[in-house]
Each structure stands twice: as structure tokens, then as C-alpha cells.
Amino acid sequence: MTNSEKIFAEAVNYIPGGVNSPVRAFGSIGSTPRMIKRAEGSKLYDEDGREYIDFVCSWGPMILGHNHPKVREAVQEACERGLSFGAATKIEVEMAKLICESVPSIEMIRMVNSGTEAVMSAIRLARGYTKRDKIVKFAGCYHGHSDSLLIQAGSGALTAGIPDSAGVPEGCTKDTLSAVYNDLSSVEELFGQFPEEIACVVVEPVAANMGVVVPKEGFLKGLRSLCDRYGALLLFDEVITGFRLCFGGAQEYFGVKADLAAYGKIIGAGMPVGAYGGKREIMELVAPLGPVYQAGTLSGNPVAMAAGYTQLSILKEHPEYYDALHKKADDFFGRMKEIVKEAGAPCQVNHIASLGCLFFTQEPVTDYRSAKTSDTKAYAAYCNVMLEKGIYPAPAQFEAMFLSMAHTKEELEKTLEGIRSFFKFSA
Ligand SMILES: *Cc1c(COP(=O)(O)O)cnc(C)c1O
């Protein structure tokens, strides 16, 4: 038994499934988790002294790479001053100002502790603002684990084959309407059915929790005009895309303004941070200014803010980092496509900016239905081979591959070599 296996054997006695978030369990690839001891740059190091080139990057936050010295120093300095005050601080104002000045359409922002909380709160606000109850989400999109959004959810729910979670009363989801990603007519139909009842359309501008699914030309703009036509709000769940597609996130990248946007992951640089923001007129309805209640004991925590603010400041000061990252990613995923083609493998490589996914299916993946045609057993085989080679892809088919600014050319080369040899061996 490896040290990781020993620790995991103990973990399952005390933690459901041995993990604090389902996808970490490695169940869908028929394996057990590598217990990670530390991380640096693009590498993870486990309890057995093995190292891995990491393509999970903590599920997105680590766009600068793990344990960035400036982020770490900022956190250490913040710790010196105390871990939490439960009172207003200057760093929260600096953080809010930085985001409002950088993201189109965000005039005010509220910090929370997770992406789940951010989307959940933004939906409450959209309902409070429009005085309507229904919401539209897309099958295969994941917006965290709040009750009303656990319908045909992506990520762990999709991997585990749990389309609708147990324990969610019907009353909580009766106002959640499900549409087809990349299919405007499915949204139009819902608006036709409920023209004056839909509070908002919530969407991952790039769907990154059913693997990676890129929006078709005109899809997001089409959502914008449908929302305008029917008086609904457009809510971008930018928990993954925010500060990743580019500094201004999907709104800047695609040139589509949302009314509200939710953030997480990169915004906290690895600390538990989420945020939601948007037009002043809407945000002014949030307590204590308005009647939409939302609160958090540790929201805007000074240590978490120090981490997030430092990472965002570095990204803002260095737009060239994005150029280099995108160039690296274009090259990497482009070559992955070539490898798949040369091997004649029944696979698809979806890719945008520094996000990508290798799907084991013959069909182009454009939505939930086509994503589900993936051969998850083939993905599991691939994943286990990669792990053996010291490469750490997401331990489930329906997750994104994240590239960071710390990945080197040599590491990407080694990864492509690993993929090439996997296909050669499995053919
Ligand atoms: C990760 C994620 C969430 C949930 O964020 P948590 O911090 O895990 O609660 C919500 N939406 C999207 C698009 C995500 O990728």
C-alpha cells in the first residue's frame, strides 16, 4: 500500500467517501486519490514523494501556478494582523474597486465564500429585482450545489449520474427550467411559455463542468437579446471564466454584457472566496441597502482578500501573461488534436483560451447530450495511464483541463508525449 492509499483507507472511516468534495474521490476512474502534500508552480507532490504536472490547478484558481511567492507573502502578512475581524476592512474596498474598474458591467460587488454562494445569492437578487420566480439554466451547466440549481447539473453530479439530487424538495426546483446549451430555440420556447415569469437566465458563458463546451457564435448575444425582450436578467456564472478567458472574463472576451455575474475560483487565488456583482441599480437591492437579504460571517475575510487581491493585481498589471498563456494553450491543444487525429482515436478536443477537454467520443461535443456520449471507461484508462506518467488530469471526464502561467514548454511537451504513447499503446 502507498501512503496515499493508507491515508485514504482511514479517510473513508471518518469522511463520506473519504473526501470533502465528490470529484476528489477518483471513483469514476476506478482509483483512489493521491494525497497531496504540497504544490509549487505547475506541480503537485503527494504523500509518497511522487510529483505530477497538474492540469487541475485546484479546479481553476491557480492561474499563476501554485504557491505564487507574492500571493503567499501577502497571505503571511495578513495573518500577522489577525485572521478575521467580523468588521469592515480597507482591503475589501480595494478588492471591490479593482473588480468594478476592470469588468464591464460590474458597478458594485459583494464578496461571499464560495461559487455556490455567489450564484445562489445572485439568483435571489435577480428574483428580488424582477419580482419573478422562474429561472432558466442549461443542462450540463454547474452552478454550485444550492437546491434550486441541482437539476441536470454538471461536474460531480454529472459524473456520478445524479441528474437531480436527493434531498431537494420539489418545491425548490419547480421554478427551475432547463434549456439546451447552444440552442437558443430551447430558451425561446421557455420564454414563450412563461413570458412574464422568468427572473433570469443563468449560464456558464463557456460551459466547463460537462468537460469544456464552447458557446456557438451568437449564442450568448442571443441570450442577451432574449432576456432584454422578455424583461429577464442575464446572469453569467463566471466562476471559471472570470479572470481566465481574459482579465475582464467572458463579458469582455465575447463582448456581451450580463446584468449580474458570479465569481469564484481565481478571485480567491486558492482561498474560499466568491463574489457577485452587476449594475448598481440591481445591486442596491442587497441588504443593508435593500430588501434582498444576504450575509456572511467570514465574507470578505482579510486573509482571503489578501490572496485574491494580490493575484488579481498581478493579472491586471500583466496583460502579457494572458497572451503567453493563450499562445501556449493554443499550441498545446492544437497538438493534442493532431495526436488524436494521427492515432485515429474516437476523441474530440474542445478548447478555448486556457481551458480544454479531451472527450472520448466520436461526436462533436456541443451540449449535455453529446457530452454524455463520452466513453467514461476510456477516459478512466487514459487518466490512470497519465497519473502513472506523473501527469495529473482531472480525475473525471466531465471536467476541464486547466493550464496555468506556470506550465513550462517542457512539461507540456512531456504531457503530449504521454498522450501520444497512451493512444499508441491502447490502439
Ligand atoms: C466551481 C463552480 C461553482 C461552485 O463553486 P464552489 O466554490 O465550488 O461552490 C459554480 N459555478 C461554476 C461554473 C463552477 O465551476
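Remember, predicted model here, so these are calculated numbers, not experimental data.

Even after reading the chapter, I still don't get helix 1 (residues 3–14), so can you show me in this structure?
In an α-helix, one turn spans 3.6 residues; hence positions three or four apart end up facing the same way. Under the 1.5 Å per step criterion, the end-to-end length of helix 1 is 17 Å for twelve residues, consistent within 8% with the ideal 16 Å. Taken as a whole, helix 1 has its buried residues at Ser 4, Phe 8 and Ala 11. When helix 1 is viewed along its axis, its buried side chains cluster within an angular range of 55 degrees and face the same direction. Buried residues along helix 1 sit in contact with strand 2 (43–46).

Looking at this structure, how should I read the site of the ligand?
The environment of the ligand is made up of Ser 114, Gly 115, Thr 116, Tyr 142, His 143, Gly 144, Glu 204, Asn 209, Asp 237, Val 239, Ile 240 and Lys 265. In the environment of the ligand, an oxygen atom lies 2.9 Å from a nitrogen or oxygen atom belonging to the backbone of Gly 115. With respect to the ligand, the side chain of Asn 209 contributes an N or O atom lying 3.1 Å from an oxygen atom. For the shell around the ligand, the residue count by class is three nonpolar, six polar and three charged.

What should I look at first to understand the environment of Tyr 392 in this one?
Looking at the element boundaries, Tyr 392 is found in strand 13 (residues 391–392). Under the relative-accessibility criterion, Tyr 392 is labelled buried at 10%. Distance from Tyr 392 to Asp 54, taken between C-alpha atoms, is 4.9 Å for residues 338 residues apart in sequence. If near-sequence neighbours (up to four positions away) are discounted, Tyr 392 is found in contact with Phe 26, Arg 34, Ile 36, Leu 44, Tyr 52, Ile 53, Asp 54, Phe 55, Val 56 and Leu 387.

Got a minute to help me understand the sheet that holds strand 14 (residues 401–402) in this structure?
Note on sheets: strands pair through backbone hydrogen bonds, and any given pair is parallel or antiparallel. As summarised here, the arrangement of the three strands in space is 11-12-14, forming an open sheet in which the pairing is antiparallel. Strands with a single pairing partner mark the edges of an open sheet, and in this sheet they are strand 11 (348–352) and strand 14. Of the pairings in the sheet, the one linking strand 12 (residues 355–359) to strand 14 comprises two bridges and is antiparallel in character. Bridged to Gly 356 within strand 14 is Met 401.

Looking at this model, I keep getting lost on unusual backbone geometry. Mind explaining?
One can expect most non-glycine residues to show negative phi and most peptide bonds to be in trans. Cis peptide bonds are those with omega within 30 degrees of zero, and the linkage from Ala 287 to Pro 288 qualifies with 10 degrees. Looking at where Pro 288 falls in the secondary structure, it is placed in the loop between helix 10 (280–283) and helix 11 (302–317).

So what exactly am I meant to see when it comes to the side chain of Glu 204 here?
Tracing the chain through its elements places Glu 204 in the loop between strand 7 (198–203) and helix 8 (219–230). Put simply, Glu 204 is tucked away with no salt bridge, and the nearest opposite charge, on Lys 265, sits 7.2 Å away. A polar contact is formed between the side chain of Glu 204 and the backbone nitrogen of Tyr 142, at a distance of 2.9 Å. A polar side-chain atom of Glu 204 sits 3.0 Å from the main-chain amide nitrogen of Ala 208.

What counts, and where the lines are drawn
Residues take numbers from 1 onward in each chain, read along the sequence in its written order. Totals for whole chains, interfaces and linings use all residues, but because this is a predicted model, local features are given only for residues with pLDDT of at least 70 and pairs of side-chain atoms are given and counted only at 80 or more. The side-chain figures draw on all heavy atoms in the structure; neither hydrogens nor water molecules are used. Where helices and strands are cited, they refer to DSSP runs of H or I of at least four residues and of E of at least two residues respectively, numbered from the N terminus. Expected span of a helix: the number of residues minus one, times 1.5 Å. Categorising residues by exposure relies on relative accessible area from a 1.4 Å probe, with only protein chains included: less than 20% of the type maximum marks a residue as buried, more than 50% marks it as exposed, and the intermediate range marks it as partly exposed. Of all possible arcs, the one meant is that of the directions from the helix axis to the C-beta atoms. Residues count as neighbours in contact if any of their non-hydrogen atoms are within 4.5 Å of one another. By convention in this text, a residue qualifies as near a molecule or strand provided that one of its non-hydrogen atoms is within 4 Å of it. N or O atoms closer than or at 3.5 Å make up a polar contact, with two conditions inside protein: a donor-capable atom paired with an acceptor-capable one, and, for residues adjacent in sequence, both atoms drawn from side chains. Note that Gly is not counted as nonpolar here; it falls among the polar residues with everything else outside the nonpolar set of Ala, Val, Leu, Ile, Met, Phe, Trp, Tyr, Cys and Pro and the charged set of Asp, Glu, Lys and Arg. Following DSSP output, two strands are said to pair if at least two bridges run between them. For this count, His and the chain ends are skipped, Lys and Arg are scored as positive, and Asp and Glu as negative. By salt bridge we mean one thing: a side-chain nitrogen of Lys or Arg within 4 Å of a carboxyl oxygen of Asp or Glu.

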